[in-house]
Each structure stands twice: as C-alpha cells, then as structure tokens.
Amino acid sequence: MEYNGAIRKMKKVLLALAAVVLFATTSNAQSSYFDFNLGYSQDNTLDEDYDLQIKNLSIGYNTLIANDLYLGASIGYSMVGADNDNNEVNIFTLTPRVTYQRNLAGGFYWTPSFYVTAGYGQHDLGTAFGVDLGSMNYLNFRIGANLLSFDYKFSKNFAINLNVLTPYYNIMKVSYSENENFEGDYDGFVYLGGSLGVKFSL
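Residues numbered from 1 in each chain as written. Predicted model: local features only at pLDDT ≥ 70, side-chain atom pairs only at ≥ 80, totals over all residues. Heavy atoms only, no water.

Visitor: Lay out the overall build of the protein chain in plain terms, naming residues and giving numbers.
Guide: If you tally the helices and strands in the protein chain, you get 1 helix and 15 strands. Of all 202 residues assigned to the protein chain, the portion counted as buried reaches 38%. In the protein chain, of all internal contacts separated by at least 6 residues, the share reaching a separation of at least 24 is 58%. Roughly 11600 Å² of accessible area belongs to the protein chain as shown, and the carbon and sulfur atoms make up 62% of that amount. (Helix = DSSP H or I, 4+ residues; strand = E, 2+ residues; numbered from the N terminus. Buried < 20%, exposed > 50% of the residue type's maximum accessible area, 1.4 Å probe, protein only. Contact = heavy atoms within 4.5 Å. Areas by Shrake-Rupley, 256 points an atom, 1.4 Å probe, with all protein chains shown as cover.)

Take a look at the structure:
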C-alpha cells in the first residue's frame with residue numbers, strides 16, 4: 001500500500017534526523033536547540049465559501065551556523081480540513097528552515113525564519129457494494145517566512161515562541177489512485193494563522 005510505504009519513509013526520515021541531532025549535540029551542544037510547535041492557519045483563497053483549515057504539530061532541531069543564524073529542520077503532522085467537509089486529510093511533513101535571532105531587550109528576542117515544507121498524505125475512500133474505491137493522494141508544499149516571530153527566554157535553556165500571521169504560499173496536489181488521469185492542483189497564499197511553541201537549548 002502507498003500509505004504504508006509513506007509511513008516507512010517518514011520513519012526513516014525520523015531516524016535520520018535523530019542521528020543528525022545526536023551528532024550535533026555531541027559536537028556543538030552550546031549552540032543548538034529543540035523546538036516543539038502547535039500551529040493553525042486558514043486559507044480562504046480557493047473560494048469565499050470554502051475555507052481550508054490547517055492544524056500543525058511539529059518537533060525540530062536547530063544548530064548555530066553563523067552569528068545569530070540557525071539552520072534547522074522539523075518533522076511534523078498536519079490535519080487539513082474545510083468548514084464544509086467532515087473529512088480531514090492527515091499529512092506528514094518535513095521542513096528545513098533558517099532562523100535569525102536578535103535580542104530586543106532583556107529576555108525578548110526577534111526570531112524571523114524562512115522555510116520550505118514538503119508533505120505527503122492519503123485519504124482512504126473505503127468500499128461501496130464490496131468494491132474498493134481506492135484513495136486520494138495528497139502532496140503538499142509550503143514556502144513561507146515567519147516575520148512576526150518572537151521568543152521570550154525564561155532561562156538560558158528554556159523559551160517560549162509566538163508566531164503571528166505566518167504568511168506562506170500553499171500548493172496542494174491531489175491524485176486518485178484508481179484513475180491516473182485525475183489530478184488537481186490547489187494553490188493559494190495563506191496569511192491568516194499563528195503558532196505557539198517552546199524551545200529547549202542544549
């Protein structure tokens with residue numbers, strides 16, 4: 001099954017990321033951090049009566065590559081739905097990113113970032129009258145910049161992060177497993193959203 005294959009690929013990605021994290025924590029422990037984020041965004045560019053709702057959960061690792069500049073990557077899980085549709089599509093994501101960190105005052109930091117996300121998901125359509133209806137396959141790409149991103153450091157090793165607006169360009173490609181000629185593309189600029197996260201420095 002394509003879905004099981006995607007799960008195995010994501011497990012390999014997770015193991016590879018864990019290996020990178022292990023190496024980085026032993027070589028550059030004072031200039032790296034983990035982050036955990038919950039996010040929500042809404043895309044109403046497809047149709048004024050059709051709002052696409054995207055909920056995100058991710059875990060990432062970031063390491064210092066230059067003065068105040070971090071290179072990182074996260075693996076995540078997105079639930080994509082719509083206000084007039086009861087079906088949610090679950091998408092596994094991989095997001096490399098670059099983050100800049102600048103102290104504003106005291107424990108407050110400005111932390112803008114630029115990222116690219118690639119995701120894959122599948123929705124099983126089930127059966128009808130004993131016939132397998134196949135599945136819908138989804139490829140999702142996001143290109144974005146979190147310009148209104150701010151950290152507050154409670155200590156040297158712990159901070160919270162708040163992102164607002166979170167604009168990005170969203171590309172969703174849909175195909176049907178039982179008809180190779182069926183394909184749909186849904187592109188749109190998403191600007192309504194936000195995220196809340198925590199960061200643990202090593």
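There's plenty left to go through after this.
Visitor: Any details on the pattern of salt bridges? Residues and values, ideally.
Guide: One pass over the structure, following the stated rule, counts 2 salt bridges. Salt-bridge contacts for Arg-97 lead to Asp-35; the nearest nitrogen and oxygen are separated by 2.3 Å. In this pair, Arg-97 is assigned in strand 4 (residues 85-100) and Asp-35 in strand 1 (residues 32-47), connecting sequence segments 62 residues apart. For Asp-151, the salt bridge goes to Lys-199, with nearest N and O atoms at 2.8 Å. Remark: Lys-199 occurs in strand 15 (residues 192-201) and Asp-151 occurs in strand 11 (residues 149-153); sequence separation between them is 48 residues. When its relative accessible area of 2% is taken as the criterion, Asp-151 is described as buried. (Salt bridge = Lys/Arg side-chain N within 4 Å of Asp/Glu carboxyl O.)

Visitor: Any chance you could break down a nonpolar patch on the surface for me, citing the residues and the numbers?
Guide: A contiguous nonpolar surface patch, about 910 Å² in accessible area, is contributed by Leu-104, Phe-108, Trp-110, Leu-147, Leu-148, Phe-150, Leu-162, Val-164, Leu-165 and Leu-196. Contributions of two or more residues to the nonpolar patch are made by strand 6 (108-110) and strand 12 (158-164). Checked against the element boundaries, Leu-104 lands in strand 5 (residues 102-105). (Patch = residues over 30% accessible without salt bridge, like charges linked within 9 Å, V, L, I, M, F, W, Y side chains within 5 Å.)

Visitor: Tell me about unusual backbone geometry, and name the residues and values.
Guide: Unusually for a residue other than glycine, Asp-68 sits at a positive phi of about 65°. Considering the arrangement of structural elements, one finds Asp-68 in the loop between strand 2 (50-66) and strand 3 (69-82). The phi angle at Leu-165 is positive, at roughly 75°, despite the residue not being glycine. For Leu-165, a relative accessible area of 45% corresponds to the partly exposed category.

Visitor: Run through the environment of Thr-166, naming residues and quoting values.
Guide: Locating Thr-166 in the fold gives a position in the loop between strand 12 and strand 13 (168-176). Using a relative accessible area of 8% as the deciding quantity, one classes Thr-166 as buried. Considering only alpha carbons, one finds Thr-166 and Gly-194, 28 residues apart in sequence, at a separation of 5.7 Å. Beyond its immediate stretch of four places on either side in the chain, Thr-166 contacts Asn-146, Val-190, Gly-193 and Gly-194.

Visitor: I'd like a description of the side chain of Ser-74, backed by residues and values.
Guide: Position of Ser-74 relative to the elements: it lies in strand 3. Those residues in contact with Ser-74, other than ones at most four positions away along the chain, are Ser-58, Ile-59, Gly-60, Thr-93, Leu-94, Thr-95 and Arg-97.

Visitor: I'd like a description of the pairing of strand 12, backed by residues and values.
Guide: Alternating residues of strand 12 divide into Ala-159, Asn-161 and Asn-163, all buried, and Phe-158, Ile-160, Leu-162 and Val-164, none buried. Following strand 11, the chain reverses through 4 residues before pairing antiparallel with strand 12. The pairing of strand 12 with strand 15 spans 7 bridges and is antiparallel. The residue of strand 15 that forms the bridge with Ile-160 is Val-198. (Pairing = 2+ DSSP bridges.)

Shape is all these values report; function is a separate question.
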